[in-house]
Amino acid sequence: MRILIVEDEIKIRRGLAGLIAKTTGDEIVGEARNGREGLELILRTNPDLVITDVKMPEMDGLEMLQAMKEQNLDVHCVILSGYSEFAYARKAISYGVDDYLLKPLAPEDIIGLLEKIREKRERELRRRSGNTQRILWNWICGNMDQGDRESDMAELHMESRRRYWLLSGYGWDTLPGERRQWLERVQESRAAQSYPDLHCCLFEETRELVCILPGEAVRPLRQELEWQLGRSGSKWVWAMEAMESPELAHETMTMLRRLYLYGKKPGQIVVRADMESFTGEEFIWPEELEGKLRSAVYREDAKQIRRCFMEFRSYMEGRDFPPQQIKEGYRKLTHRLLGWLEDTEKLAHTRPEPLRYANRMQQAYTREEMNRILDEILQELVSAAGHREDISNYAIKKAISYIRIHYAENISLEEIAERLDITPEYLSTLFNREVGMNFTVFLRDFRISHAKRLLKGTDRKVYEIAREVGYADSKYFNRVFKEKVGVSPREFRQM
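The rules behind each value
Residues numbered from 1 in each chain as written. Predicted model: local features only at pLDDT ≥ 70, side-chain atom pairs only at ≥ 80, totals over all residues. Heavy atoms only, no water. Pairing = 2+ DSSP bridges. Helix = DSSP H or I, 4+ residues; strand = E, 2+ residues; numbered from the N terminus. Contact = heavy atoms within 4.5 Å. Axes fitted to C-alpha atoms, helices over the stretch in contact; angles between N-to-C directions. pLDDT = per-residue confidence, 0-100. Expected span 1.5 Å × (residues − 1). Buried < 20%, exposed > 50% of the residue type's maximum accessible area, 1.4 Å probe, protein only. Arc of directions from axis to C-beta. Core = buried A, V, L, I, M, F, W, Y, C linked by side-chain atoms within 4.5 Å. Parallel < 35°, antiparallel > 145°, perpendicular 65-115°, else oblique. Left-handed = near helix turned anticlockwise from the far one by under 90°. Nonpolar A, V, L, I, M, F, W, Y, C, P; charged D, E, K, R; others polar. Phe/Tyr/Trp six-rings, centres within 6.5 Å; stacked < 30°, edge-to-face > 60°. Lys NZ or Arg CZ within 6 Å of the ring centre and 35° of its normal. Polar contact = N/O pair within 3.5 Å; in protein donor to acceptor, adjacent residues only side chain to side chain.

Description of the sheet that holds strand 8 (residues 208-214)
Reasoning step 1: If you walk across this open sheet you meet the 5 strands as 7-8-6-9-10, and the pairing is mixed. Two strands bound the open sheet, and with one partner strand each, they are strand 7 (199-203) and strand 10 (269-270).
Reasoning step 2: In this structure, strand 7 lies alongside strand 8, joined through 5 bridges in antiparallel fashion. The residue bridging H199 from the neighbouring strand is I212, located in strand 8.
Reasoning step 3: In the packing of helix 6 (residues 131-140) onto the sheet, contacts are made with strand 7 and strand 8, and the angle to strand 7 comes to roughly 75°.
Reasoning step 4: Each of strand 6 (164-170), strand 8, strand 9 (237-243) and strand 10 is contacted by helix 11 (residues 249-259), which is oriented at about 145° to strand 9, the strand it contacts most.

What to know about the confidence of the model for the protein
Reasoning step 1: The predicted model of the protein has a mean per-residue pLDDT of 80, with 81% of residues at 70 or higher.
Reasoning step 2: Throughout residues 345-352 the model reports pLDDT below 50, and contacts reaching past four residues in sequence, or to other chains, amount to 28 contacts.

A look at the sheet that holds strand 3 (residues 49-53)
Reasoning step 1: As summarised here, the arrangement of the 5 strands in space is 2-1-3-4-5, forming an open sheet in which the pairing is parallel. Here the strands that pair on one side only, and so sit at the sheet edges, are strand 2 (27-32) and strand 5 (99-102). Put simply, the sheet's adjacent strands are angled 20° from each other on average, direction ignored.
Reasoning step 2: Note that strand 4 (residues 76-81) and strand 5 share 4 bridges and pair parallel.

What to know about helix 20 (residues 424-435)
Reasoning step 1: If you check helix 20, its first and last C-alpha atoms are 16 Å apart, about what 12 residues at 1.5 Å a residue would give, namely 16 Å.
Reasoning step 2: Listing the buried residues of helix 20 in full gives L427, L430, F431, E434 and V435. On an axial view of helix 20, the arc spanned by its buried residues comes to 105°, and they lie on one face. Those residues of helix 20 that are exposed and aimed more than 90 degrees away from the buried face are E425 and R433.
Reasoning step 3: Of the residues flanking the end of helix 20, it is G436, one or two places downstream, whose phi is positive at about 90°.

Digging into the nonpolar core
Reasoning step 1: Core analysis: the biggest nonpolar cluster contains 60 residues, and W139, L293, I305, F309, F312, Y330 and L337 have the highest contact counts within it.
Reasoning step 2: The contact partners of L337, leaving out residues within four places of it in the chain, are L293, V297, F309, I377 and L381.
Reasoning step 3: Within the second largest apolar cluster, 35 residues are counted, among which are I403, Y407, F446 and Y471.

A word on unusual backbone geometry
Reasoning step 1: With phi around 55°, H157 is a residue other than glycine that occupies positive phi space.
Reasoning step 2: Overall, H157 belongs to the exposed group, its relative accessible area being 63%.
Reasoning step 3: The phi dihedral of R207 is positive, around 60°, even though this residue is not glycine.
Reasoning step 4: Mapped onto the elements of the fold, R207 is located in the loop between strand 7 and strand 8.
Reasoning step 5: Using a relative accessible area of 27% as the deciding quantity, one classes R207 as partly exposed.

Overview of the packing of helix 13 (residues 287-299) against helix 14 (residues 302-317)
Reasoning step 1: Running from N to C, helix 13 and helix 14 point in directions that differ by 155°, and their axes come no closer than 9 Å. Relative to helix 14, helix 13 is oriented roughly antiparallel. Seen from above, helix 13 lies across helix 14 with left-handed handedness. Between helix 13 and helix 14, the residues in contact are L289, K292, L293, A296, V297 and R299 and Q304, I305, C308, F309, E311 and F312, respectively.
Reasoning step 2: Grouping the amino acids of the contact of helix 13 with helix 14 by side-chain chemistry returns 8 nonpolar, 1 polar and 3 charged.

What about the packing of aromatic side chains?
Reasoning step 1: Applying the stated rule across the entire model yields 18 aromatic pairs.
Reasoning step 2: With a centroid separation of 5.1 Å and 50° between ring planes, the pair formed by W137 and F203 is classed as tilted. Of the two residues, W137 sits in helix 6 while F203 sits in strand 7, which places them 66 residues apart along the sequence.
Reasoning step 3: With relative accessibility at 11%, the residue W137 sits in the buried group.
Reasoning step 4: Ring geometry for Y170 and Y260: centres 5.3 Å apart, planes at 15°, overall stacked. Of the two residues, Y170 is situated in strand 6 and Y260 in the loop between helix 11 and strand 10; the sequence distance between them amounts to 90 residues.
Reasoning step 5: When its relative accessible area of 1% is taken as the criterion, Y170 is described as buried.
Reasoning step 6: The structure contains a cluster of three or more aromatic residues connected by ring pairs, namely Y407, F431, F439, F442 and F446.
Reasoning step 7: Taking NZ or CZ as reference, R447 lies 5.4 Å from the ring centre of Y471, over its face.

Structural notes on the pairing of strand 2
Reasoning step 1: Relative to strand 2, strand 1 (residues 2-6) is paired through 5 bridges, and the arrangement is parallel. Directly across from I5, in strand 2, lies its bridge partner E31.

Quick look at the environment of H450
Reasoning step 1: By the element assignment, H450 lies in helix 21 (residues 439-457).
Reasoning step 2: Along the sequence, H450 and I465 sit 15 residues apart, while their C-alpha atoms lie 9.0 Å from each other.
Reasoning step 3: A distance of 2.9 Å separates the side chain of H450 from the side chain of R453, its partner in a polar contact.

Structure (structure tokens):
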């Protein structure tokens, strides 16, 4: 989504923008200090979502929302509000806001709310895009309602017992604008004009262009598309498959997504025969390479991590393995990496978000896409290891080493500063400059990380784990844990 943030406190504004950009992949199209600037940016950038504070100078959030309503601006809105401002939040609901966030902001709440807005937008887009889009989307998702089947068939002028072809293009590396251009190109091509029964829809949710057409029309259409694809140098991956009835659209689409992996050259349209005729060598998981990479991650050896990644990629691309087994190999490596990072605390500062990478790898359809995801994980790992290697200040190294040994004790900034023979104020400055967070936050995160590992890997009582990681008061530990993780220790263990 394209998001605009309107907030007069710069720390909140920048922090929120950074969190969204890092964890969700959404685009921050602008930041404004008050409602007047926000309204100008809304008109200029046309965002999908506006996140706005309530109380701001010049023009507050409610005045901006009222102006948006008067100008009929079709934009989703979320307001930021403190507990003392809840009356403002209730009033904002009358202006059509989608939801609100209470300060202080918790990352889990922000991510969850954005996901709700994203799902709401997708439902609206599907509803607005017309019956053809809605019907085909339901069919390929396996939601063909038997009660609506006859009316859906009539709407698309299709017959239940007629042979059709499903043709799908996957534009994983293209921008939304480029995907829309492809839809227009297919719809306006000579082939599309020649076949009134051809239906084409672009599904931004899955980055796919899906076409359905009668069986007898497929050969000239395929020739036309392959000619266009070859001429344009497209990087799209295409696949097609026959189905004896539109009712088989979901099963057929599942097959097409498997076929994407078998595309080897631009403009090629892969069919089932390409997959069935494939003969390759058996995939064997590189156990020795896994061991070297695990050791490099635990040692925070950035150079060795990079070498292992390159060696894995060469191994996967240098042999004629079946594509489906290659995908399983990439998924396995991703889960191995995220598991190691969950076990070790050594890269705690910039650890990749596990769920985001695991889900993306699960949904990847091409080798190029899987390599891109793996490269992103590599950059985060190398950056994290490099960050730790760059901490050249001797005092900080000694302080972190002391925390690792004595974190379960009642240690303090003053105690460590005294041991290092420096002032607490100077040590606090060093922590913020070298580590990027203050001493208290670092110690809390370190303890909570160990607590999470114990909750997952042992059956000890929560109060026992609390004492083991440095919290004598289990109730206080529960509160700190929930503020940091978003759920209680008991809920985390159940999850």
